[in-house]
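Examining the three-dimensional arrangement
The chain contents come next:
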Amino acid sequence: MRNPSFRKGLFRLGVVCVMLIPAFACAQQTPPHWSYSGHEGPSEWGKLDSTYAACSSGRTQSPIDIRGAQKADLPAPKFDYNSVPLNIIDNGHTIQVNYPPGSTLTVGQKFYTLKQFHFHHPSEEHVNGHGYDMVVHLVHADAEGRLAVVAVFLKKGDLNPLIDLIWQNLPTDKGKAIDVSGVTLNAKDLLPADHGYYTFPGSLTTPPCSEGVTWYVMKNAVALSEAQVTAFAKLYPMNARPIEAPNGREILETQ
């Protein structure tokens, strides 16, 4: 068995390469290709490579159907997000907006920096069996490399101005991050007005499915138009991992 510090280092390297900055090359062998269907789909992820083993053997995998949450006196999240120039990539699995340093999330004594946000269609997380049209995942990391993901459900309704801005500037090529001249945005505009949330331990929802991720799932959904859902679905008809077993993990929710 490798020593814990070595394993911890590998975990952090894998997280950075796969989840946080997939637009940049990593100093290691390119991981095997995966997809959302067929012989490279979710049921096969754990078999594609030894580094993906957690996808099949992990005990706190994400996403989950949030059921039986216990009300608790949880700290209110503080979102200090800055307006930043748009840097966007179609990474072959989703549309992702990369965020420069300086935008933070504080939850109690935990302090994280926003790294990127991306979209899934339909929503990966469910609540009491109910899924949503889409979900946006805002990915953060603390100084030790531990991850926290804020999930915001998206449901059909009024046009979403921020998503409209992103959709108007979608890359024409996959796998290449681009800076969009003269366009700025603020991820805070993706958040619901009420910051009530569910929280639980989980994992990345894509290979390598690394665990140790803290999830904050907003209780309230944000609207986007049917046309906006359709536009994303033309690129990614289905890029959501199936629901994983909760395996008895504790799920808490704000009062």
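The structure presented is a predicted model; accordingly, all values stated were derived computationally and were not measured.

**Concerning the overall build of the chain**
A tally of helices and strands in the chain yields 5 helices and 15 strands. Looking at the chain residue by residue over its 255 residues, the buried ones come to 48%. Across the chain, the fraction of contacts at a sequence separation of at least 24, relative to all contacts at a separation of at least 6, is 68%. Accessible surface, the chain as shown: approximately 12,100 Å² in total, 53% of it carbon and sulfur.

**Details of the pairing of strand β13 (residues 211-218)**
Every regular strand shows the same layout, with side chains that alternate between the two sheet faces. For β13, the buried fraction is high: 6 of the 8 residues fall into the buried class. With 4 bridges joining them, strand β10 (residues 147-156) and β13 adopt parallel strand pairing. Across the sheet, Ala148 pairs through a bridge with Thr214, a residue of β13.

**Details of the state of the cysteines**
Inspection of the entire model under this criterion finds 1 disulfide. Between the sulfur atoms of Cys55 and its disulfide mate Cys209 the distance is 2.1 Å. Taking the sign of the S-S torsion, about 90 degrees here, the bridge from Cys55 to Cys209 comes out right-handed. With Cys55 in helix α3 (residues 54-57) and Cys209 in the loop between β12 (197-203) and β13, this pair connects stretches of sequence that are 154 residues apart. For the pair Cys55 and Cys209, one class covers both residues: buried.

**Looking at the environment of Ser103**
Inspection of the secondary structure puts Ser103 in the loop between β5 (95-98) and β6 (104-107). For Ser103, a relative accessible area of 1% gives the class buried. Sequence-wise, Ser103 and Ser83 are 20 residues apart; in three dimensions their C-alpha atoms are separated by 8.8 Å. With residues up to four places along the chain from it excluded, the contact list for Ser103 reads Asp80, Tyr81, Asn82, Tyr112, Thr113 and Leu114. Polar side-chain contacts of Ser103 include one of 2.8 Å to the backbone nitrogen of Asn82.

**So, the confidence of the model for the chain**
Within the chain, residue pLDDT values average 91, and 89% of them lie at 70 or more. Between residues 1-27, whose pLDDT stays under 50, and residues either more than four places distant or in other chains, the model counts 36 contacts.

**Brief notes about the packing of aromatic side chains**
Inspection of every chain in the model, using the stated rule, returns 13 aromatic pairs. Seen in terms of ring centroids, Phe119 and Trp167 are 5.1 Å apart; in terms of plane orientation they differ by 75 degrees. Their pairing is edge-to-face. In this pair, Phe119 is assigned in strand β7 (residues 110-120) and Trp167 in helix α4 (residues 161-167), connecting sequence segments 48 residues apart. A residue is classified by how much of its surface remains accessible, and Phe119, at 0% relative accessible area, is buried. A relative accessible area of 12% means that Trp167 is categorised as buried. Between Tyr197 and Tyr216, the ring centres sit 5.4 Å apart and the planes meet at 80 degrees, which makes this aromatic pair edge-to-face. Of the two residues, Tyr197 is situated in strand β12 and Tyr216 in strand β13; the sequence distance between them amounts to 19 residues. For the pair shown, Tyr197 and Tyr216 are each scored as buried. Among the aromatic side chains, those forming a connected cluster through ring pairs are Phe79, Tyr81, Tyr99, Phe117, Phe119, Trp167, Phe232 and Tyr236. Residue placement shows Lys219 over the ring face of Tyr198; its charged tip is 5.7 Å from the ring centre.

**Overview of the side chain of Glu124**
Mapped onto the fold, Glu124 is located in the loop between β7 and β8 (126-127). At 3.4 Å, the side chain of Glu124 forms a polar contact with the side chain of His120. Within the structure, the side chain of Glu124 is placed 2.8 Å from the side chain of Thr205, a separation counted as a polar contact. Residue contacts for Glu124: discarding those within four places in its chain leaves Pro63, Val135, His137, Thr205, Asn239, Ala240, Arg241 and Ile243.

**Digging into the environment of Asn220**
Counting through the fold element by element, Asn220 comes out in the loop between β13 and β14 (222-224). The class of Asn220 is partly exposed, set by a relative accessible area of 33%. Residues Asn220 and Tyr197 lie 23 residues apart in sequence; the distance between their C-alpha atoms is 8.1 Å. Residues contacting Asn220, with those up to four places away along its chain left out, are Pro192 and Asp194.

What counts and how
- Residues numbered from 1 in each chain as written.
- Predicted model: local features only at pLDDT ≥ 70, side-chain atom pairs only at ≥ 80, totals over all residues.
- Heavy atoms only, no water.
- Helix = DSSP H or I, 4+ residues; strand = E, 2+ residues; numbered from the N terminus.
- Buried < 20%, exposed > 50% of the residue type's maximum accessible area, 1.4 Å probe, protein only.
- Contact = heavy atoms within 4.5 Å.
- Areas by Shrake-Rupley, 256 points an atom, 1.4 Å probe, with all protein chains shown as cover.
- Pairing = 2+ DSSP bridges.
- Disulfide = S-S within 2.5 Å.
- Polar contact = N/O pair within 3.5 Å; in protein donor to acceptor, adjacent residues only side chain to side chain.
- pLDDT = per-residue confidence, 0-100.
- Phe/Tyr/Trp six-rings, centres within 6.5 Å; stacked < 30°, edge-to-face > 60°.
- Lys NZ or Arg CZ within 6 Å of the ring centre and 35° of its normal.

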